[in-house]
Each structure stands twice: as C-alpha cells, then as structure tokens.
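The residues making up each chain are set out below.
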Amino acid sequence: MVEDTKIGVFLCDCGEVISRNIDLSGIRSNLEKISDVGHVTLSHYLCSQKEIELMGSEISEKGLNRVVIGGCSPQFCEVIFMEAMEKSGLNPYLLSIANIRDQCGWVHPGKTRATSKAARQIKMAISKARFLEPIKKETVSINRDVLIIGGGISGMEAAIELSELDHKVTLLEREKVLGGRLHQLYSLYPLELTPGALLAEKIEAINKRANIEVLTTAELLKIEGHPGNFVAKIQRDGSPITRNFGAIVVATGCDTQFPTERYGLELSDNIITQLQFERMLKSQEEWDKIPQKIGFMLDISDEYSRISTISALRNGLAAKRRFGGEVYIFCKNLKLDAPGLEGLYREARDEGVIFFKFGDGMPTISPAHGQINIQLEDLYLARELVTLSCDLLVVDEKIIPQRDFEILKSILNIDLDSNGFYQQANVHLYPVSSIRKGIFSAGSCRADLDFSDALADGRAAAQAVHQLSYSGKAWIEVEKLVVDADKCALCLTCIRSCPHHAIEVDHEKQAAKVIDLACQGCGICAAECPAKAIQHKGYTDNEIGAQLEFLEEAI
Amino acid sequence: MEKKRVLVIGGGIAGVTSALELAKNGREIFLVEREPSIGGHAASFCCKATDVCNKCSVCLVPERMKEVGIHPQISLLTTSEVREINGEAGDFRVKIVRKTRFVDPDRCTACGICSEVCPVESPKAISLPYPGVVPPAFVVDKDRCLRLQGQECTICQDKCPTQAIDFDQGPQEIDLDVEATIVANGFDVFDAREKAPLGYGKYPNVLTGLDMEERLLKDGAILLPSNGRPPQDVAFIQCVGSRDEHIGNGYCSKICCKYAMRFSRLLQYQNPEVKVTVFYMDLQNAGKGFGDFYEQCKENIRFVQGIPVEISQVSPDQLAVRYEDLSQGKTVEESHDLVVLSVGITPRKDARNLAGILGVNLGDFGFFDGLTQIENTSTNREGIFLAGCCQGPRDIPESIAHGTLAALRAVRTLT
Ligand SMILES: Cc1cc2nc3c(=O)[nH]c(=O)nc-3n(C[C@H](O)[C@H](O)[C@H](O)COP(=O)(O)OP(=O)(O)OC[C@H]3O[C@@H](n4cnc5c(N)ncnc54)[C@H](O)[C@@H]3O)c2cc1C
Ligand code: SF4
Ligand code: SF4
C-alpha cells in the first residue's frame, strides 16, 4: 500500500438509471466514513463536460491521489476520466472503476440486494485503488526502415508501396533475380498483362526508387534486437552485411507438389502439371505434336484451392484458342468466388470448353498407347459413366510450404500453422501480423492465395508496417510489467511462456527484462513466474488480493 | 502540420475500417452515414459459433464500431448524405445534408427513460436498436412515433433528462473541405421476391439468409414462422440472385456458400436431430481452413448438386421443393419445413445516383468500377476511392482488407 492515499470517489447516476435500483445516497454516506476517502460526490452525469471539469478541480484542490468511479462500464467512459485525471496532474492509471450500472443496477431486481452488491463493488474498487501504482508513458523510437524477405509479387508490391510511403526498404531475394513465380506463368488472371510484362513493370518501379535496396542471392542469417529496432545479419554472395530495421515482412512464397499417391500415377510426357503446361504455352518450340484433346483435372490434389480452378480456366481457354481441338475440364466444384471468374467460366463454355463434374468417386486415369483414358461418373449426366481419352492431361498440384520455412521461422522466432505455413496472429483480424510485433507475413507463404490476393496481401503488409512505424516513434506504456530483480531466479520460465517473445535476460541485473514495445500486455509471464517476480500493474497480486479479501469479508 | 481531412461515405465495416486506419495515420475523418447508426449490414449479423468458432468474422465488427465511436479524430455524421462534391483531389468541397436524427447522440446517455414513457407498445417507437450500437443513442421509429405520424405527443421529449430529443429541428446543411473521399456505401441484399416461384414473401416458412442472421441475433434460435416450433427439416437453396445471367447478376456473391454451411452447423448444434439439405451449383469451399470445415459439414449435412426452381406450400407447416435430381436425371419433389434462400450481394439501388454525384464510373453489374482490376480501390476520379462491397462482393475480412487498402491509397494522395 502506498503511504497516505487520499481517495476521491465519484458516483454517477447515469440519468436516473442507477438510483432507481441502488440507494446511491446511502452508499455515499457510508463511504464518507472510510478514513482515506478524501472526497465523495454523487452526480447526475459524471461524463458531462461540467462534471468532468468539476472532477478535475476536486482532484487538484483536495490533493486526491486515487480516483474511484461507481457508474457505467469502463468501455464507455474510462478514456474521458483518464484524460481528466491527466489534466489535473494525476497519473491516469491511478483509476479504478466499479461498473454498478451494467453489472448490478441493470441486472438485479430488488433495491436492498442491488444496493448491497453495488456497495461491495465500490469498496472492492477502493481497496484495489490503494495499491495502484502509476504507469508512465514514453516515446520510444522506431526505425522506419523495413526488411522484406522474398522478391515475388507480394514482396515487390510491399516494397513499392512502402517506398512510396517514404520508408527505406531492403528487398532480399534468394535467387539471382526478382520475380519468383512470375517467371513460370504464362498468363495472369485477371490481368491482360503477361507475367513477364508485369514483372518488368515492377522491376522498373523498384529500380526507379532510390529508397529500395535490392539484395539478390542473399539470405537472412540472424535477427537480433527488438521490434522497432531489429539488427539483421544478411549473407550475400558469401559476404556478410548488417542492417538495422524497424519491421520485417516475410514474403517467401510457396512450393507446389504433385501428389503421386493420390493420383496413383507418375508425371510423364503426357501427364503434366499446370506449371509445366504454362511453360510449354510460353515457348512455342517445345511442342512436338499439337495436342488435339487436352484434359484438365482438378480437385484431386487439393479440393479446396481456388488457384487450380483459375489456372484451368485460363489455360483451358488459351489452349482452345491456340490449338482448336477439344478441351475438357474435369472437376468436383469450380471455385468461382473471386471477381470475374464466373464470367471467365461462361467465356470458356461459350468457346467450347467442356466441363465434367465428378462427385466423391475418383475418376480413373489410365495411360494407354500414348493416350490417357479417363473414366468418371458425371453428375450432370445422371451419373452416367463417361469415358474419354486425351492426348494430354494437365493435373493440379498441391500448394505446400517451402522447405526452409522451418529455418526462417526459428531465425525470426515466429510460428507456423498446422500445415506448415506462416501463422497469422489472427486469420481474420490481423491476417498479415505474426505473433511478434514488427514481423509480418504476406502472400502465399501464409495461405493458399491467388495472384490478386497475394498482391493485395503485400499491400496490406505495407499498410501494417506503415501503421507501426510511420512517425518513427511510438507512444507506449513503460514498465507495465515489472520484474523484481531480487526475486528473479532466472529460471527463464517467463521467456519460454511469453507468446510474443517480449522478454530477454538483463545480464547486468541478472534478471528477466520485459521489452515494453514488444509486450502486448497479456500477463502470462506474471501468472507463470514461480517466484512471483513479475507483477502486472493494474493486476498485481496485491491489487487482486485486496479485492478478494474484501469480497470474502463482505459476503 | 495541419491535419489532412478525409470524407468517408458509408459506415459499414469497410468505411469504418478506412476511417480507423486513416485516423491512426493522423488524419481527420468525417464519416457520413445515411442511417441513424453505423455498422451497416454486418452489425445485424449473428455469431455462428458452435462449440468452436466457425470464423464467420461477425465479431470483428462491434469492436471496430466502438473504436470509431470514441475516436477523437473521427466525426460521425449520421442520418446524413452527400449531395454535392466539387473541386479536385487535395481540395474537394462537399455539401452534406444532415436530416434530423431526433435524438442528439452527443447528449443521449442511453438511459432508456424515453422508451419507458413512450405510449406506443411492442415495440416502442423509440428504442436502442441493439446493445452496443454506435453512436450509443436511442433511435425513433418514424413509422410508429405518434408525433411523427402527426399526433400530439412530446412525452419522451419532455422526460428526457438531458434534453437530447428534439422533434422540431429541421435538416442541416454542412459544408466540408476535404482532401480525399472514400466511398463505402456497401450493397443491397438480393430481393428474393424477384424470384417469385421460390415463394418468398408468400410462404411464411421461406426465409432468406439475412432473415436468419437477424432472427438469430435477436432470438438466439430459429423457430418456424408458421407455428413457432423448432424446424426439423431445413433446406438451403444457394445462388439465389447470384450466378444468374437472366437477371443480369452473372457473378458469384462469395459469401452465401459459407454462411449457409455455418448456419447448417449452427442449426444442428442447437438441435442435433434437425436434418439439413444444401442445394448448390458449385460449393465455394476455398480459403484458409475452409476445406476442413467443409469436411466436417459433410458428415451430417446432405449436399445436393442442383438448384430448385419452385417451392410450393403443401400445408401450413410443410413446403414442397421441386428440383432436378441430376443423379436420377428427372425432376423430383421433396418436403421441408423450412427453406432458406441463400441470397447474395447486389449493388445499391441508388448506386447510380451516388456515382453521378461523385462523378465516378459504375462497372460490371452496377458495382462501382475500380480503375483497374488490381487497382480496384482507385476510381476514374483522382482523390476518390472505393472500399468494400460497393465495388463487388466481399466477406467481412475482405471488406476490412479493402477498406485498409483504400485508406493506404488515400494516404498516398495526401502526402
Ligand atoms: C445474408 C448475408 C450474410 C452474410 N454473412 C457473412 C458472414 O457470416 N461472414 C462474412 O464475413 N460476411 C458475411 N456477409 C458479407 C458482409 O455482409 C459484407 O462483407 C459486409 O457487410 C460489407 O460491408 P460494407 O461496409 O462494404 O457494406 P455495408 O455493410 O452495406 O455498409 C454500407 C454502409 O453505408 C451506408 N450507406 C449506404 N449508402 C449511403 C449513402 N449514400 N450515404 C451515406 N451512407 C450510405 C449504409 O447505411 C451502411 O451503413 C454476409 C452477407 C449477407 C447478405
Ligand atoms: S505480458 Fe505477455 S507479452 Fe508482455 S512480457 Fe508478459 S508474457 Fe510477454
Ligand atoms: S457463394 Fe455459393 S451460393 Fe453464393 S453465389 Fe457463389 S456459388 Fe452461389
């Protein structure tokens, strides 16, 4: 407990809503008897401008050093009260709120019992207030420079976007050239532009910007430091480079794999993958013989990928236009839930591409005499058994993680999901954030994304980075989690349990140390520490204990 | 530095996201919303969790709405519409008309006294649309309020302890100077009455996906409108108003397959006995984690490929669904007690009007047209950007991403 607490209690009636069910005046006279309560008021609307100003002057005139409020939910007005305290020169964290409206007046019938509960809630808030400690806020500097790992479409897009927002960017690429998968593709739905032309456009944009540094044949070896101020050790052509960054974007793309076991077949001259087909479409020379009947097989490697539908539609149409002949698309479900795909599907049908739909029964695929025979029960033909033969069968592939995700994951200290892709902090709310502040992932390294989505992802990552570091500084709560160096046995439990990697060893003090900018305030460390060496201000053992003790006593 | 000002039109999840992103980037935002409260469609949706979260993303909305409600850099202009916009990027002059809201959100403390004294019963003519509404202020139902129907009644106005209610105030004209504008006026749900043979509006037990959302949010469960009992045998009909060239909607709405599957799971979670059939053309089951969800759905839900064209009512509580059974090659009829039409997303009916005011183009199907397919937050008019379903069908996470991107584009023109 702090010496000489002088607590101001402000009760609010919220119109006449609270006093209808709770005897506020009764509570008020009881509270006045508590020795360290220096002031009690009852107001009609505490959140009104007038009352707030009054509250401010009471704080300064009476020298109150703790504020307790009995009223509505802190969700509504907490910020207003904190502001008022700050204006009167009191640390805004010395505030404790009892929600006697939503949690009591509104929900309990019967004035006597509601009043007794409200009185207890307020007294609990008072006992907590006695132990409250101020929390300081400080400005810390954040490096505005960004490292982007991977020079595919998501990485390049993020780089261009960030550079236009005036961030200095280092774009790291393992290969000799930028572009990633763009090198392998023949066309890019929904663009008219060829992948080659798009790549040229992006590279030109990158070269034009003085604030983008491209490091090809380079790899990340090590990351030190903290969010906002990382130190990266990079290796380029065998020689080391060190750079400082505030944030890191991982955009290393994905790999593909033909699942031989699912098909029960090996790839061959006339059973090829979409990527092989694209390569053949790109270079005219490779065709020995123009295929007259081409089949595209979908939904066997991966039933749930939109990429295969898009590839089959655009490559099927391209084949039809280029070679005439027959084009078949065999599928279970066309994934058309992206802009323009329904139109592309119609176009394909209008131009004579024939679609076959199979259900849960797998089609039989049997190569014979240079042909591939396909047999399936077609759903649209009353499950009639359809037999067709193709000169060329283009098969779908599974999107899989790259082999080195595990390595990069441990360098960056972030997580992979159950399928081995980079894990988002929250798939929906923070799709490009990782569990660590300042580290983001974008593109097909985090999910099975088609081209437009991967591009959009790169931009989203850029926005997230900009958000974090645009001003070059952050206004943060400092020492919200305090480590008592005398109690800390350096057992490292906290370091292992902090999901956000916000704790490190302070070698000077021989104790754990919380990095304020990285800390997300979850409090897990405080709960886990066996020596109780970590306290979470606002939820310290003392604060909670005082409330509990009081709760028991009152019941 | 003087704060750069941005206008956002429409307070659905897309507009809300753009506003927040820009505010966090130090801009000053005017968020113009036609309705008395923000949130758009998604604010009337229900959580579809069973014993696990089914990732419908509806919970992302209230948190952001609340943030907008208290953000010091965002001014909320509810019951307002943009009438004129002149000038160019960096220097737009905007005329806004703010109709009276009757209840001043800055004064209303949501104490509820007005509703208590209102003489109109079940429902009251003045109420809080739902807990957590932003701004947290009561709303007058114009069709039920005696005063607004021409009778003498000022009870609520007299009793309001903060004098927040004022029936006499007329519309207000507001002039603003802004540097950029983000359009996020959203979508209209397809009106299932246009498909008369499906019997929506005629048979009480034919509901739409939107009805399901609203009923679940309000009552926490689905009961048959005809008799108030829980349904036993439910059919979902996909692609109602989507993927349909005949009515000019040749696009997939993206959201209906997913919500139908989530509803199906929820119905069976609430009552494991209930039978569910989903009639579909192609199931849109792509997306991170969605394949696994579909696999679980397949265990207890019957998926039938083929879209019914006609529904009739055989008894007050039974509907007959006629469809072409592709596996048998003939038309069959089966009975269900509840049919849910999975309606999709269509452009706002007044999109053309707004497009005219803004001087931006409409594209395919009547959605706002992005500058290119990948620069789809930019428009033909510099300084005016698009966010969310006004540009084409999107789910909530995608609307959030699009709203974020629009904000990013706007930031770029401002710097
Ligand atoms: C039945 C149904 C179920 C769905 N379920 C899900 C689901 O489970 N999960 C999911 O992720 N998505 C779902 N969706 C999709 C989701 O509704 C949309 O992604 C989301 O609501 C789009 O937000 P928005 O801001 O673009 O549009 P809206 O929500 O339509 O918001 C637009 C806002 O703009 C206002 N406005 C309109 N015109 C003007 C004007 N001229 N001036 C000022 N303001 C204006 C409107 O009042 C509204 O507040 C569903 C959709 C439907 C139809
Ligand atoms: S509060 Fe959470 S984020 Fe902060 S240091 Fe402790 S465990 Fe890490
Ligand atoms: S999401 Fe499903 S129901 Fe909706 S339009 Fe697309 S295919 Fe039809």
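Moving on, we get to the overall build of chain B. On a plain count of helices and strands, chain B comes out with nine helices and 20 strands. In terms of C-alpha radius of gyration, chain B reaches 23 Å, essentially the compact-globule figure of 22 Å for 415 residues. Principal-axis analysis of the C-alpha atoms gives chain B an extent of 70 × 55 × 40 Å. When contacts within chain B are restricted to residue pairs at least 6 apart in sequence, long-range pairs at least 24 apart make up 65% of them. Just so you have it, chain B exposes about 17,100 Å², and 47% of that area is on carbon and sulfur atoms. Looking at charge distribution, chain B has the averaged site of its 46 positive side-chain charges lying 2 Å from that of its 55 negative ones.

In the segment running from B:Ser122 into B:Pro123, the intervening peptide bond is cis, with an omega of -10°. Residue placement: B:Pro123 occurs in the loop between helix H3 (113-117) and strand S6 (126-127). Positive phi is not limited to glycine here, since A:Lys532 has a value of about 50°. Along the chain, A:Lys532 turns up in the loop between helix H15 (524-528) and strand S28 (534-536). With phi around 55°, B:Ala110 is a residue other than glycine that occupies positive phi space. Assignment of secondary structure puts B:Ala110 in the loop between strand S5 (91-98) and H3. Under the relative-accessibility criterion, B:Ala110 is labelled buried at 15%.

Before going further, it helps to spend a moment on the domain arrangement of chain B. Residue and element names in this part refer to chain B. One can read the domain layout of chain B as domain 1 (5-99 + 171-186 + 348-414) and domain 2 (190-345). A straight line from the C-alpha centre of domain 1 to that of domain 2 covers 31 Å. Across the contact, 19 residues belong to domain 1 and 20 residues belong to domain 2. Carbon and sulfur atoms make up 68% of the surface buried where domain 1 meets domain 2, a total of about 1,700 Å² over both sides. For the domain 1 face of the interface with domain 2, the top three residues by lost area are Lys 48, Phe 365 and Pro 393, together amounting to 30%. Here domain 1 is connected to domain 2 by two salt bridges. Across the pair Glu 398 and Lys 254 runs a salt bridge, and its minimum N-O distance is 3.2 Å. At the boundary of domain 1 with domain 2, the tally comes to five residue pairs in polar contact (both at pLDDT 80 or more). Residues that form the side of domain 1 that touches domain 2 fall into these classes: ten nonpolar, three polar and six charged.

Moving on: the domain arrangement of chain A. Domains assigned within chain A are domain 1 (7-135), domain 2 (146-253 + 402-473), domain 3 (257-398) and domain 4 (479-536). Using C-alpha coordinates to define each centre, domain 1 of chain A is positioned 49 Å away from domain 2 of chain A.

Now for the site of ligand 1. Residue and element names in this part refer to chain B. Ligand 1 sits among 35 residues. The nearest are Glu 33, His 41, Cys 56, Arg 394 and Ile 396. In this structure, an oxygen atom belonging to ligand 1 sits 3.3 Å away from a side-chain N or O atom of Ser 399. Against a free-state accessible area of 1,000 Å², the protein chains account for coverage of 98% of ligand 1. Counting only elements with at least two residues in the shell around ligand 1, the list comes to helix H1 (13-24), strand S10 (187-189), helix H5 (209-219) and helix H9 (396-414). Of the residues contributing to the shell around ligand 1, the split by class is 16 nonpolar, eleven polar and eight charged. If you count residues domain by domain, the shell around ligand 1 takes at least three from each of domain 1 (5-99 + 171-186 + 348-414) and domain 2 (190-345).

Conventions and cut-offs
- Residues numbered from 1 in each chain as written.
- Chains lettered and ligands numbered in written order.
- Predicted model: local features only at pLDDT ≥ 70, side-chain atom pairs only at ≥ 80, totals over all residues.
- Heavy atoms only, no water.
- Helix = DSSP H or I, 4+ residues; strand = E, 2+ residues; numbered from the N terminus.
- Rg over C-alpha atoms; globule rule 2.2 N^0.38 Å.
- Contact = heavy atoms within 4.5 Å.
- Areas by Shrake-Rupley, 256 points an atom, 1.4 Å probe, with all protein chains shown as cover.
- Lys, Arg positive; Asp, Glu negative; His and termini not counted.
- Charge placed at Lys NZ, Arg CZ, Asp CG, Glu CD.
- Buried < 20%, exposed > 50% of the residue type's maximum accessible area, 1.4 Å probe, protein only.
- Domains from an automatic or database assignment.
- Buried area = accessible area lost by both parts, 1.4 Å probe.
- Salt bridge = Lys/Arg side-chain N within 4 Å of Asp/Glu carboxyl O.
- Polar contact = N/O pair within 3.5 Å; in protein donor to acceptor, adjacent residues only side chain to side chain.
- Nonpolar A, V, L, I, M, F, W, Y, C, P; charged D, E, K, R; others polar.
- Near = heavy atom within 4 Å.

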